[in-house]
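Fold and geometry: a report
Single-letter residue listing:
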Amino acid sequence: MAQLPLDELSTVIARIQGLLLTEEKVTTAVRLLARAAKESVPGTIGAGVSLLDARGRRTSSGYTDAIVRQADAIQYEYGEGPCLTAWAAEETVLVRDLNDEARWPEWRNGVAGLPILSVVSAPLMAGGESIGSLKLYAAAAGVYDGSSADLLQLFAAPAATLLSHIQASEAPQKMTEGLQASLFTRDQVNRACGVLMERLGISHEAALQLLIRQARQENAALQYISERVIAGTPAPGT
């Protein structure tokens, strides 16, 4: 996929910033961001934005097409998928061909009936904290590559800052109690993944999904589950 010219990319980002700065509601802001992202990456059939709390639960979401809503709902149902991984690992996730993807087996089976073969998802990082993810879906394989991931990251950076400001102004109590009090650090999560990898002989991705599922089952912050694993408390399946 050809990368968008720098001047065109700058114009798109400026448009997103202008839209977000004039909106009062987070729900409207994420919808506008999703629409702009879809229009800017050729081959994309749907885009979405999800804001998540420290337990991986959505606090707000916006999407351009019903297929995005369906694919995301399956992620949250099973507690696994590229967008949750991007949020939890604080890294951009690229899926070139879902048929060859071994990660997230339950999510992959769940979306088997949907026209989705390529995915790219970037974390929304604001002030060193992951507050959600921005994702794109394509019907054909090989639509997204490294340049697509780079482009999405350029979208995600200014968008995350603006969304966090809007979110804070809309619900300061939620930001204080729901995010700041229980947000995890990437180092703790990676350390916990390392413990599970050694203990169970599994991959980093599998360890991360195990932590996410346990946090959702116990309605606890991912940081708490990670700290418990590091301290030596066995996780389910260990």
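A look at the pattern of salt bridges
- Inspection of every chain in the model, using the stated rule, returns 5 salt bridges.
- The salt bridge involving Asp-65 is made with Lys-38; its shortest N-O contact spans 2.9 Å. Here the residue Asp-65 occupies a position in the loop between strand 2 (58–63) and helix 3 (66–78), and Lys-38 occupies one in helix 2 (residues 26–40), the gap between them amounting to 27 residues.
- According to the relative accessible area criterion, Lys-38 is partly exposed, its value standing at 25%.
- Linking Arg-213 and Glu-80 is a salt bridge whose minimum nitrogen-to-oxygen distance equals 2.1 Å. One end of the pair, Arg-213, is in helix 9 (residues 204–218); the other, Glu-80, is in the loop between helix 3 and helix 4 (82–89), and 133 residues separate them in sequence.
- When its relative accessible area of 24% is taken as the criterion, Arg-213 is described as partly exposed.

Structural notes on the confidence of the model for the protein
- Of the residues in the protein, 76% have a pLDDT of 70 or more, and the chain-wide mean is 78.
- Least confident of the elements in the protein is helix 7 (residues 172–180), whose mean pLDDT is 39; most confident is strand 3 (residues 93–95), at 96.
- Residue range residues 1–6 is modelled with pLDDT below 50. Its contacts to residues more than four positions away, or to other chains, number 11 contacts.
- Per-residue pLDDT stays below 50 along residues 171–184; that stretch engages in 32 contacts with residues further than four places along the chain or on separate chains.

Here's the deal with helix 4
- Across the 8 residues of helix 4, 8 count as buried, placing the element largely inside the fold.
- Taken together, the buried positions of helix 4 are Pro-82, Cys-83, Leu-84, Thr-85, Ala-86, Trp-87, Ala-88 and Ala-89.
- In the stretch just after helix 4, Glu-90 is the one whose phi turns positive, near 60 degrees.

Criteria and cut-off values
- Numbers given to residues run from 1 along each chain, matching the order in which its sequence is written.
- Per-residue local features of the predicted model are confined to residues with pLDDT of at least 70, and side-chain atom pairs are confined, for both listing and counting, to 80 or more; whole-chain, interface and lining totals are unaffected and use all residues.
- Side-chain calculation: all heavy atoms of the structure are included, whereas hydrogens and water are not.
- Think of a salt bridge as a Lys or Arg side-chain nitrogen and an Asp or Glu carboxyl oxygen that are within 4 Å of each other.
- Secondary structure elements follow DSSP: runs of H or I of four or more residues count as helices, runs of E of two or more count as strands, with numbering from the N terminus.
- Here the term buried applies to any residue with accessible area under 20% of the maximum for its type, exposed to any over 50%, and partly exposed to those in between, with areas from a 1.4 Å probe on protein chains only.
- On a range of 0 to 100, pLDDT expresses the predictor's confidence in each residue.
- Only heavy atoms enter the contact rule, under which two residues are in contact if any of them lie within 4.5 Å.

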